[in-house]
Protein chains: 4
Amino acid sequence: MTSPSARYTYLGPEGTFTEAALRTLPEAATRELVPMVSVPAAFDAVRGGEAEGAFAAIENSVEGGVNATLDELATGAPLMIYREVLLPIAFALLARPGTRLSDVKTVTGHPVAQAQVRGWLAANLPDAVWESAASNADGARLVQEGRFDAAFAGEFAAARYGLEPLATEVHDNAHAQTRFVLVGRPGRPAAPTGADKTSAVLWLREDHPGALLELLQEFAVRGVNLLRIESRPTGVGMGRYCFSVDAEGHITDRRVGEALMGLKRICPQVRFLGSYPRADETAPQVRAGTSDGEFAAAADWLARAMDGRV
Amino acid sequence: MTSPSARYTYLGPEGTFTEAALRTLPEAATRELVPMVSVPAAFDAVRGGEAEGAFAAIENSVEGGVNATLDELATGAPLMIYREVLLPIAFALLARPGTRLSDVKTVTGHPVAQAQVRGWLAANLPDAVWESAASNADGARLVQEGRFDAAFAGEFAAARYGLEPLATEVHDNAHAQTRFVLVGRPGRPAAPTGADKTSAVLWLREDHPGALLELLQEFAVRGVNLLRIESRPTGVGMGRYCFSVDAEGHITDRRVGEALMGLKRICPQVRFLGSYPRADETAPQVRAGTSDGEFAAAADWLARAMDGRV
Amino acid sequence: MTSPSARYTYLGPEGTFTEAALRTLPEAATRELVPMVSVPAAFDAVRGGEAEGAFAAIENSVEGGVNATLDELATGAPLMIYREVLLPIAFALLARPGTRLSDVKTVTGHPVAQAQVRGWLAANLPDAVWESAASNADGARLVQEGRFDAAFAGEFAAARYGLEPLATEVHDNAHAQTRFVLVGRPGRPAAPTGADKTSAVLWLREDHPGALLELLQEFAVRGVNLLRIESRPTGVGMGRYCFSVDAEGHITDRRVGEALMGLKRICPQVRFLGSYPRADETAPQVRAGTSDGEFAAAADWLARAMDGRV
Amino acid sequence: MTSPSARYTYLGPEGTFTEAALRTLPEAATRELVPMVSVPAAFDAVRGGEAEGAFAAIENSVEGGVNATLDELATGAPLMIYREVLLPIAFALLARPGTRLSDVKTVTGHPVAQAQVRGWLAANLPDAVWESAASNADGARLVQEGRFDAAFAGEFAAARYGLEPLATEVHDNAHAQTRFVLVGRPGRPAAPTGADKTSAVLWLREDHPGALLELLQEFAVRGVNLLRIESRPTGVGMGRYCFSVDAEGHITDRRVGEALMGLKRICPQVRFLGSYPRADETAPQVRAGTSDGEFAAAADWLARAMDGRV
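Here the residue numbers are simple positions, counted from 1 along each chain's written sequence. Think of it this way: whatever chain is written first is A, whatever ligand is written first is 1, and the rest follow in order. The predicted origin of the model limits local features to residues at a pLDDT of at least 70 and limits the giving and counting of side-chain atom pairs to 80 or more, whereas totals for whole chains, interfaces and linings rest on all residues. Hydrogens are left out, water is left out, and the side-chain values use all remaining heavy atoms of the structure.

Turning next to the nonpolar core. In terms of nonpolar packing, the biggest core is built from 58 residues, with C:Leu202, C:Phe219, D:Leu202 and D:Phe219 touching the most fellow members. D:Leu202 has contacts with D:Leu215, D:Phe219, D:Cys242, D:Phe243, D:Val245, D:Leu263, D:Cys267, D:Gln269 and D:Val270, leaving out every residue within four places of it along the chain. For this analysis, a nonpolar core means a set of buried residues of the types Ala, Val, Leu, Ile, Met, Phe, Trp, Tyr and Cys, connected via side-chain atoms within 4.5 Å. The rule is simple: take the accessible area with a 1.4 Å probe, protein chains only, and divide by the maximum for that residue type; under 20% is buried, over 50% is exposed, in between is partly exposed. Ranked by size, the runner-up nonpolar core spans 57 residues in total, among them A:Ala200, A:Phe219, A:Val245 and B:Ala200. Any pair of residues with heavy atoms lying within 4.5 Å of one another is described as a contacting pair.

Pasting the structure below:
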């Protein structure tokens, strides 16, 4: 029997890009990988102790943020991000053996896939009717069952569902990537690698016109660059947002820590989502005056000034 | 035959909240309302001259921005927003006549609906399996066809699909609203009403750490409040975003016009999406020094100063 | 013999407003008060250990900053401010006994005095010739010696120089005040009183257009109000300035300390000039999120976040 | 008889650096140059129509702003600056013929001179007693009359007062320069030269903590660099300041004009002091997005957007 600490859940079914991305993590080789029906289900398994980690897409370079993941991280019992994975996205059009491209009248796949193959479809199957499936793998299954003629999915899904690719490397945008995160119960973040990012969710003071500007200034004044900022509704009414952000650097970097404390003081709520290695391994730009050494020197100077040793 | 100028497309099928929202507009009564299979199809009909307007959801107070609408407005041939509609969202659980709640094993609906009835489902149908449909109305149709036991949709859809409500007023969040926009080909914005908003898409200079802060300062220094800001990927690669924004006021307000010109100068691209009446009829907060009168007085003063009449 | 620790120097000669202001300090009663010929001389006596403190005007509400004092504090061996005194300024026109107002053809006094009696002179002695003296008391001495007909000085100077007031309470501006500071060798600042100010001199990065704005943002982002900011040339060439500032609060206030550290990191040089009680006993405005308690809570939160206890 | 339009007043007496600086202006050769006893007197002659221009020092690279000039420009009937002159400052120590350096027991000169020869005096005449004179030329006259042994003044003053230099090129700081301005009644500023500056006096909203920051942001958001900012008391009480500023560029530059209008809207009072050629002939740094061409293009774009031609 597998212990919970040896199990990772992920947004299933099997055969999706999510599973492919998860398998790029070395530690996945030693875990039981358990597909779940939804992001909430995958994350709740971690919250409840039945799994050590959960893996899900958080952002696509064409479609944007994955709301289910963003919102699961922003609400409910706290979770933290420990790893991220970047995966280039290219689809295969899968059909039952014997199907020709000209036979395809109905096509399915995840709505995100639809957005990324729209141009290809217009050029190659202009008359095909699209109907969305809950996942790309689910679309493949529906083709297997005969409900649709073809499905867009990862080529790796073909074998699992007894399908054959009619086309591969389909993507309207050659830069398409999906970013995935591995989340776990809150714990000490991994040690800084020199190329880290820090994620948080920030709530704004209501009815305070400059609140977002102030929030950005807490980062800017400490020289912390934002990599991503995404507004999400708080659910309490139209026009009320919180912001999901990724910032350059690690919580143990002094500039990041001071920025987070500043945010903690001005925001009604801050949820720290972790510091973890950047998948693109890009080292941060550290502006003059914001290195750990300069922070430490300034703290020493202040301590001396308080003692009159100026 | 209906002339194009008398036709509005909308994201179909019939019987969705979108149609219900569209019918709240007085002008809808004199238009042919044409359901389309997708937001791009609805918008392209306007671009191509086959319709005068297109109507689609742009934001939900629980689920956030509607990516298809945001992205269609940001790319392709320009369109402008002329009206917005706010609709409170409450679902009915629709089933074939004779179905009891305890009979429901499979449930369908649009993914956005799922997010808004998740709590209700957990409490009332904890074991029901969810499968997403392309729209709520499509879900109702699938129930009619017997593919699923029940669908979440607007109560108004029951009659159309021969279904009966097992439950009504279902929503996890009592504040849930969806915001819809009526778009048309670019033209002169409606005259200001005193409670208007202005929408635009703004691209940031790449590799410029403070670019978002600068963008917000263009608004702030003219006292223009932002109502919404939403990052969207530009599609050229992970980490590249544009921002879809709604600001308080009308393009003919001097403070709004000057802010837009400032943005036009610092952003590589600005797409003006229109100025139109706010559905919530909230008048803007006009900070001291930013009224049209004060702008005009300052311009007069500058003209005199240039002449030495100080 | 008086020990150095029992001696205060001040900008002499005796009989000036400076001496009058110094005598308002309770501790002055137990010190030997030694007039000096210049601010540098007074301050150097402290630097050299011959005196415990030095007292000089730093700012006049009509004439502005006192350059000699500002520059002595900004350069040379460090000194710190321990006390400030506010003194309303009103002049008497002093003359040798027997002189009538109509006899006065030449008038003297310190240039600062001239600025504050200009209106009175224009109205009452329009034809009198003004020649500046090194101090008001020195002007009185020159009148005693017969070099001028009358001098503006404090009324308290009349007796010392054998003169009589031709007019009293002379001031063009009823709000005129002079602010004086007591400086000493660097030491631990006095404990906070709840109504303190903190003084510093800040050098800007050269050729960095937004450097002053950044400097102000270090204060603003921590909610620290500036009470005074005064540019002073650095002496290395036209257009190069440092800034002498007074901020609300005490160096031991967390918001003030963090702002000072931020300045220390971005400025090529920061000279802390002390934290001391405000003479006007005005308590600071503490913006939400900037109290010591909120700083401490944010630090605790950060420590927990670093441990994963979120 | 000379017409008023052919007369420039200046802060006298003759033989000062001010006169020397004034004579560097080509137009001075065709004007009657009239020394006045004070800056107010020199400026009032212009206000009253008795002179076309007035010339006075406004800033010294060692001593800072010249308060009399700054305050005369900030108050009273408006004047405008039309030209500026930079003059390197070096003093000669002037004495009556036959005097040796070792004979010098008393030294005089303007207080500003004292600040710039302090180091030289300490090294060469450590025991000499300093007494300030109303001007350097006045000090020379007092030496001529025998009241003091030596005076610091421009070497050019020696002949006029029958004195001889005991030392020349005396200055503690090799970068010492004084900046002078030629002011006149308000009129159309000179045409832009491509290397201009714009001067103004700005009053802050009272009791508005961030008012100075907002003021700087009006410049920053339009990419207008500040060359000088100097606080001056408004005279209504301790802690109330206005700011005398020089900005890069000409009022007819769109970025400068828009910044001035922004200031006009947020400040209770703005006094435009003119746009005029920079004496150092330094062309401005024009940040991307702030050229006149970009302003015009943005205005065109806005006009099109208002018409729906996007």
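Further notes follow.
The term salt bridge refers to a side-chain nitrogen of Lys or Arg lying within 4 Å of a carboxyl oxygen of Asp or Glu. Counted under the stated rule, the structure contains 127 salt bridges over all chains. The shortest N-O distance in the salt bridge between A:Lys197 and A:Asp246 comes to 3.8 Å. Here A:Lys197, found in strand β12 (residues 196-203), pairs with A:Asp246, found in strand β14 (residues 241-248); they are 49 residues apart in sequence, far enough to count as distant. A:Asp246 carries the same exposure label as A:Lys197, and that label is buried. The partner of A:Arg228 in a salt bridge is A:Glu230, and the shortest N-O contact between them spans 3.1 Å. The burial state of A:Arg228 is the same as that of A:Glu230; both residues are buried. Ionic contacts of the salt-bridge type, sharing partners, join the residues A:Glu218, A:Arg222, A:Glu258, A:Arg265, C:Glu218, C:Arg222, C:Glu258 and C:Arg265 into one network. In this description a helix means any DSSP run of H or I spanning at least four residues, a strand means any run of E spanning at least two, and both kinds are numbered starting from the N terminus.

All names here are of chain A. The element strand β13 (residues 226-233) is largely enclosed, with a buried count of six among its eight residues. In this description, strands pair whenever DSSP reports at least two bridges between them. One ladder, built from seven bridges, connects β13 with β14; its direction is antiparallel. Bridge assignment links Ser 231 to a residue of β14, and that residue is Phe 243.

Turning to the relation of the copies chain B and chain A, a few remarks are in order. By a simple turn and slide, chain B fits onto chain A: the slide is 0.0 Å along the axis, the RMSD is 0.1 Å, and the turn is 180°. In symmetry terms, the pair is related by a two-fold rotation axis. Copies are brought into register by a least-squares superposition over C-alpha atoms of residues with pLDDT of at least 70 in both.

Turning to the UniProt feature "domain: Prephenate dehydratase" (unreviewed entry) in chain A, a few remarks are in order. UniProt tags residues 7-185 of chain A as "domain: Prephenate dehydratase" (unreviewed entry). In residues 7-185 of chain A, the share of helix is 28% and the share of strand is 34%. The end C-alpha atoms are 13 Å apart. UniProt positions are given in the numbering used here, feature names are shortened, and annotations may be inferred rather than shown by experiment.

The subject of this paragraph is the interface of chain B and chain A. On the side of chain A, 44 residues touch chain B, which itself brings 44 residues to the contact. Buried area: the sum, over both parts, of the accessible surface (1.4 Å probe) that disappears when the two are put together. Between chain B and chain A lies a buried interface of about 3400 Å² when both sides are counted; carbon and sulfur atoms form 54% of it. Put simply, chain B and chain A have two salt bridges between them. Here B:Arg147 and A:Glu131 are joined by a salt bridge, their closest N and O atoms 4.0 Å apart. Under this definition, polar contacts are N or O atom pairs within 3.5 Å; protein pairs additionally need one hydrogen-donor-capable and one acceptor-capable atom, and for neighbouring residues in sequence, both atoms have to be side-chain atoms. Viewed at the interface, chain A and chain B are joined by eight residue pairs in polar contact (both at pLDDT 80 or more).

Another point: the sheet that holds strand β14 (residues 241-248) of chain C. All names here are of chain C. Across the sheet, which stays open at both edges, the four strands sit in the order β13-β14-β12-β15 with antiparallel pairing between neighbours. Each edge of the open sheet is held by one strand with a lone partner, namely β13 (226-233) and β15 (269-277). Averaged over all neighbouring strand pairs, the angle between strand axes comes to 15°, with direction disregarded. When strand β12 (residues 196-203) meets β14, the two strands line up antiparallel, connected through seven bridges. Helix axes are fitted to C-alpha atoms over the stretch in contact, other axes to C-alpha atoms as well, and angles between N-to-C directions run from 0 to 180 degrees.

It is worth spelling out unusual backbone geometry at this point. A cis amide bond links B:Gly12 to the next residue, B:Pro13, at an omega of 5°. Residues other than glycine seldom take positive phi values, yet C:Glu169 does so here, at roughly 55°. You can see C:Glu169 is positioned in strand β10 (residues 164-170). In this structure, D:Glu281 is a non-glycine residue whose phi angle is positive, near 55°.

Right, let's get into the side chain of D:Glu19. All names here are of chain D. One can find Glu 19 in helix α1 (residues 17-22). Under the relative-accessibility criterion, Glu 19 is labelled buried at 6%. Reaching out from Glu 19, the side chain makes a polar contact with the side chain of Arg 23 at a distance of 2.9 Å. Those residues in contact with Glu 19, other than ones at most four positions away along the chain, are Tyr 10, Glu 14 and Arg 160.

Attention now moves to the packing of aromatic side chains. Ring pairs shown here join Phe, Tyr and Trp side chains whose ring centres sit within 6.5 Å, with only the six-membered ring taken for Trp; geometry is labelled stacked below 30 degrees between planes, edge-to-face above 60, and tilted in between. In the structure shown here, the tally under the stated rule is 24 aromatic pairs over all chains. Between the aromatic rings of B:Phe17 and B:Phe156, the centroid separation amounts to 5.3 Å while the plane-to-plane angle is 85°, which identifies the pairing as edge-to-face. Highlighted residues: B:Phe17 in helix α1 (residues 17-22) and B:Phe156 in the loop between β9 (150-153) and α6 (157-161), separated in sequence by 139 residues. On the basis of an interplanar angle of 90° and a centroid distance of 5.8 Å, the ring pair of C:Trp120 and C:Phe152 is categorised as edge-to-face. With C:Trp120 in helix α4 (residues 111-124) and C:Phe152 in strand β9 (residues 150-153), the pair connects residues that are 32 residues apart, well separated along the chain. Like C:Trp120, the residue C:Phe152 is buried in the burial classification. Counting every residue linked through ring pairs, the aromatic cluster contains A:Phe17, A:Phe91, A:Trp120, A:Trp130, A:Phe152 and A:Phe156. In our convention, an over-ring charge means Lys NZ or Arg CZ found within 6 Å of a ring centre and within 35 degrees of that ring's normal. Seen from the ring of D:Phe295, B:Arg265 lies directly overhead, with NZ or CZ sitting 3.6 Å from the centre.

Here we take up the sheet that holds strand β13 (residues 226-233) of chain D. Residue and element names in this part refer to chain D. Spatial ordering of the open sheet is given by β13-β14-β12-β15, a layout of four strands whose pairing is antiparallel. Only two strands of the sheet have a single neighbouring strand rather than two, namely β13 and β15 (269-277). Averaged over all pairs of adjacent strands, the angle between strand axes in this sheet comes to 15°, irrespective of strand direction. Packed on one face of the sheet, helix α3 (residues 67-74) meets β12 (196-203), β13, β14 (241-248) and β15 and runs near 85° to β13.

Residues and elements named next belong to chain A. Residue ranges assigned to each domain were obtained from an automatic or database domain assignment. Under the domain assignment used here, chain A contains domain 1 (1-87 + 180-186), domain 2 (91-170) and domain 3 (188-310). A straight line from the C-alpha centre of domain 1 to that of domain 3 covers 25 Å. If you look at the interface, domain 1 gives 20 residues, while domain 3 gives 20 residues. Taking both sides of the interface into account, the surface hidden between domain 1 and domain 3 amounts to around 1600 Å²; carbon and sulfur atoms contribute 54%. Remark: the boundary between domain 1 and domain 3 carries two salt bridges.

Before going further, it helps to spend a moment on the UniProt feature "domain: ACT" (unreviewed entry) in chain A. When the UniProt feature table is mapped onto this chain numbering, "domain: ACT" (unreviewed entry) sits at residues 200-277 of chain A. Note that residues 200-277 of chain A is 29% helix and 37% strand, and that its end C-alpha atoms are spaced 15 Å apart.

Time to look at the side chain of D:Gln116. Residues and elements named next belong to chain D. With respect to the helices and strands, the residue Gln 116 is situated in helix α4 (residues 111-124). For Gln 116, a relative accessible area of 3% puts it in the buried group. Apart from residues lying up to four places away in sequence, Gln 116 is in contact with Asn 60, Val 62, Glu 63, Ile 89, Phe 91, His 171, Asp 172 and Ala 176.

It is worth spelling out the state of the cysteines at this point. Disulfides are defined as pairs of cysteine sulfur atoms found within 2.5 Å of each other. Tallying each qualifying case throughout the model produces zero disulfides over all chains. D:Cys267 carries a free sulfur, and the closest cysteine sulfur to it, the one in D:Cys242, is 11 Å from it.

With that settled, consider empty space enclosed by the protein. Of the grid points, spaced at 1 Å and generated over the protein atoms alone, those admitting a 1.4 Å probe that cannot get out make up cavities, while open sets with protein on both sides within 12 Å along at least five of seven lines make up pockets; any residue with an atom within 4 Å of a point is treated as lining. Grid points are joined across faces, edges and corners, and a volume is the space filled by probe spheres set on the points. Under the definition given, this model contains 16 cavities of 30 Å³ or more. By volume, the largest cavity amounts to about 100 Å³. Lining the largest cavity are 15 residues, and of these A:Glu131, A:Ser132, A:Leu142, B:Glu131 and B:Ser132 lie nearest its centre. Looking at the lining of the largest cavity, the elements with two or more residues in it are β8 (129-132) and α5 (136-144) of chain A together with β8 (129-132) of chain B.

All right, on to the packing of helix α7 (residues 211-220) of chain C against helix α8 (residues 254-266) of chain C then. Packed helix pairs are specified by the crossing angle of their axes together with the interaxial distance, meaning the distance between the axes. Residues and elements named next belong to chain C. Here α7 crosses α8 at 155°, and the two axes come no closer than 8 Å. Accordingly, the angle class assigned to the pair α7 and α8 is roughly antiparallel. Considering the relative orientation of α7 and α8, their crossing is right-handed. Where α7 approaches α8, its residues Glu 214, Leu 215, Glu 218 and Phe 219 are matched on the opposing element by Ala 259, Gly 262, Leu 263 and Ile 266. Of the residues that constitute the contact of α7 with α8, the class distribution is five nonpolar, one polar and two charged. For this classification, under 35 degrees means roughly parallel, over 145 means roughly antiparallel, 65 to 115 means roughly perpendicular, and everything else is oblique. Left-handed is the label given to a crossing in which the near helix is rotated counterclockwise from the far helix by less than a right angle, and right-handed is the label when the rotation is clockwise. Under this grouping Gly is polar, as are all residues other than the nonpolar Ala, Val, Leu, Ile, Met, Phe, Trp, Tyr, Cys and Pro and the charged Asp, Glu, Lys and Arg.

Quick look at the environment of C:Phe55 now. Here C:Phe55 shows up in strand β3 (residues 53-60). In contact with C:Phe55, other than residues within four places in its own chain, are C:Thr9, C:Tyr10, C:Leu11, C:Thr18, C:Ala21, C:Leu22, C:Leu25, C:Val85, C:Phe180, C:Val181 and C:Leu182.

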